[in-house]
Amino acid sequence: MFKKRAAEEPEIFAPGFRRFAGTEGYITSAPLEQAVNAAIALERPLLIKGEPGTGKTVLAEHIAQGLSMPLLRWHIKSTTQAAQGLYVYDTVQRLHDSRFGDADVSDISRYIKLGPLGASFASKEQVVLLIDEVDKADIEFPNDLLHELDTMAFDIAETDEHIEALHRPIVLITSNNEKELPDAFLRRCVFHYIEFPERKLMERIVRVHFPAIEAQLLDDCIATFYALRAVEGLRKRPSTSELLDWIAALKRAGVDTSQLAVKLPFLGTLIKSERDLEQVVATGRGRGY
Ligand SMILES: Nc1ncnc2c1ncn2[C@@H]1O[C@H](COP(=O)(O)OP(=O)(O)OP(=O)(O)O)[C@@H](O)[C@H]1O
Ligand SMILES: [Mg+2]
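All figures in this text were calculated on a predicted structure; none of them were measured in a lab.

### Here's the deal with the overall build of the protein chain
Scanning the protein chain for helices and strands turns up eleven helices and nine strands. In terms of its C-alpha atoms, the protein chain occupies a principal-axis envelope of roughly 70 × 50 × 35 Å. Per-residue burial over the protein chain gives 26% buried out of 289 residues. For the protein chain, long-range pairs separated by at least 24 residues make up 72% of all intrachain contacts whose partners lie at least 6 apart in sequence.

Right under this line is the structure:
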């Protein structure tokens, strides 16, 4: 589980601190790794922000993989409420059973369904819990989670049960910055902003997804990609996931990438609005072959 640093990089942390060091499928920067390991050591949630498509969600999968732990996901929507993450009491099923079934409806525990947060506390082994896109929910949502995230315990009123985490889950919370998060919530988290990868790091990320990519194709694509990101006035600059899609399309189509400075095939994988398309075309690059 412990990965060695490259020979030229001295190990500055105590043995055992560096539990997460990326995986073969996920390239980390040193600050990201340190944030993950600090959150693990402090047993605090890690709040991850960054441009869309910079690997926030996938990070949770790779922390789980790297630490050999199960991953529980809680994908937040505009209607999600904090209590649903702990458990829901399925009264509809109980009513249905009492009318049409032969199940024992007096046993209420059969109708208590743990949500991802509740399940992560109840788990016998330590798990990684992803609370994805926390900013999608109502403004009160993060505040409603504070108590349970602090105590890692909750009560099920209907069955008079108290559930307390045997092992505090490793909690990763992602946000796209759609809403400001409350200070009381922020105080409890370790925070990390995924900086947009610089070229060298991006090359390594691309190679994870396309191990056999030819050096020239990689060079051409990366150079064009960063040139596109630098076009003034883009509303939405293309990010890592879009670069990966673009390379996949170029490879499938067998495009000669030496012409990318003047012609940009599959621009729709990179640029997602007509206004941004116009901005790019105004720089003198053609859209297609
Ligand atoms: N550091 C990385 N190493 C390997 N792959 C990466 C890395 N960063 C991003 N990717 C790839 O980019 C794609 C997008 O990642 P992901 O869905 O996690 O982004 P996100 O930040 O959650 O985006 P959004 O904010 O839109 O939800 C995935 O295919 C992922 O594998
Ligand atoms: Mg995501």
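Text resumes after the structure shown.
### Looking at the site of ligand 1
Surveying the vicinity of ligand 1 reveals 17 residues, the closest of which are Pro52, Gly55, Lys56, Thr57 and Val58. Of all the elements in the fold, those that place two or more residues in the shell around ligand 1 are α2 (56–66), α8 (199–209) and α10 (240–253). In the shell around ligand 1, the residues fall into seven nonpolar, nine polar and one charged. Counting contributing residues, the shell around ligand 1 receives three or more from each of domain 1 (30–194) and domain 2 (199–283).

### Re the nonpolar core
Leu46, Ile63, Val128, Leu129, Leu172 and Ile173 are the most contacted members of the largest nonpolar core, which totals 39 residues. If sequence neighbours within four positions are ignored, leucine 129 has contacts with Leu72, Trp74, Pro116, Leu117, Ser120, Pro169 and Val171. Counting residues in hydrophobic clusters, the runner-up holds twelve residues, among them Cys221, Phe225, Leu260 and Leu264.

### A word on helix α6 (residues 141–151)
Looking at α6, one finds that the buried residues are Phe141, Pro142, Leu145 and Leu149. Down the axis of α6, the sector holding all buried residues measures 70°, keeping them to one side. Seen from the open side of α6, the exposed residues pointing more than 90 degrees away from its buried face are His147, Asp150 and Thr151. Elements that come into contact with the buried residues of α6 comprise α3 (82–86), β8 (170–175) and α7 (183–187). Positive phi shows up at methionine 152, right after α6, with a value of about 50°.

### Topic: the environment of serine 68
Looking at the element boundaries, serine 68 is found in the loop between α2 and β2 (71–75). Classification of serine 68 by C-beta neighbours within 10 Å gives exposed; the count is 8. Sequence-wise, serine 68 and valine 128 are 60 residues apart; in three dimensions their C-alpha atoms are separated by 9.6 Å.

### Here we look at the environment of leucine 72
Considering the arrangement of structural elements, one finds leucine 72 in strand β2. With 22 C-beta atoms packed within 10 Å, leucine 72 lands in the buried category. Separated by 97 residues in sequence, leucine 72 and proline 169 have C-alpha atoms that sit 9.7 Å apart. Not counting residues within four places of it along the chain, the set of residues in contact with leucine 72 comprises Pro116, Ala119, Ser120, Val127 and Leu129.

### Considering the sheet that holds strand β1 (residues 46–50)
Read from one edge of the open sheet, five strands run β2-β5-β8-β1-β9, paired in parallel fashion. In this open sheet, the two strands that pair with only one neighbour each are β2 and β9 (190–194). The average angle at which neighbouring strand axes cross in this sheet is 20°, direction not considered. Sheet topology note: the β1/β8 ladder contains four bridges and is parallel. Bridge assignment links leucine 47 to a residue of β8, and that residue is isoleucine 173. Contacting β1, β8 and β9, helix α1 (residues 30–42) crosses the sheet at an angle of about 160° to β9.

Thresholds, definitions, all that
Along each chain, the written sequence defines residue order, and numbers are assigned to residues from 1. Labels follow written order: the first chain is A, the first ligand is 1, and so on. pLDDT decides what is reported in this predicted model: residues at 70 or higher carry local features, side-chain atom pairs at 80 or more are listed and counted, and totals for whole chains, interfaces and linings draw on all residues regardless. Helix numbers and strand numbers start at the N terminus; a helix is a DSSP run of H or I with at least 4 residues, a strand a run of E with at least 2. Counting other C-beta atoms within 10 Å of its own, a residue is labelled buried from 20 upward, exposed at 12 or fewer, and partly exposed in the gap between, with every C-beta atom placed from the backbone. Once C-beta atoms have been placed from the backbone, residue pairs whose C-beta atoms lie within 7 Å are recorded as contacts. Here, nearness means that the C-beta atom of a residue, built from backbone geometry, sits within 6 Å of the molecule or strand in question. Ten residues, namely Ala, Val, Leu, Ile, Met, Phe, Trp, Tyr, Cys and Pro, are considered nonpolar, four, namely Asp, Glu, Lys and Arg, are considered charged, and the remaining ones, Gly among them, are considered polar. Delimitation of the domains relies on an automatic or database domain assignment. Buried Ala, Val, Leu, Ile, Met, Phe, Trp, Tyr and Cys residues whose C-beta atoms connect them within 7 Å together make up a nonpolar core. Directions pointing from the helix axis toward each C-beta atom define the arc. Strand pairing is assigned whenever DSSP detects at least two bridges linking the two strands. Fitted lines through C-alpha atoms serve as axes, helices being fitted only where they are in contact, and the angles separating the N-to-C directions of these axes extend from 0 to 180 degrees.

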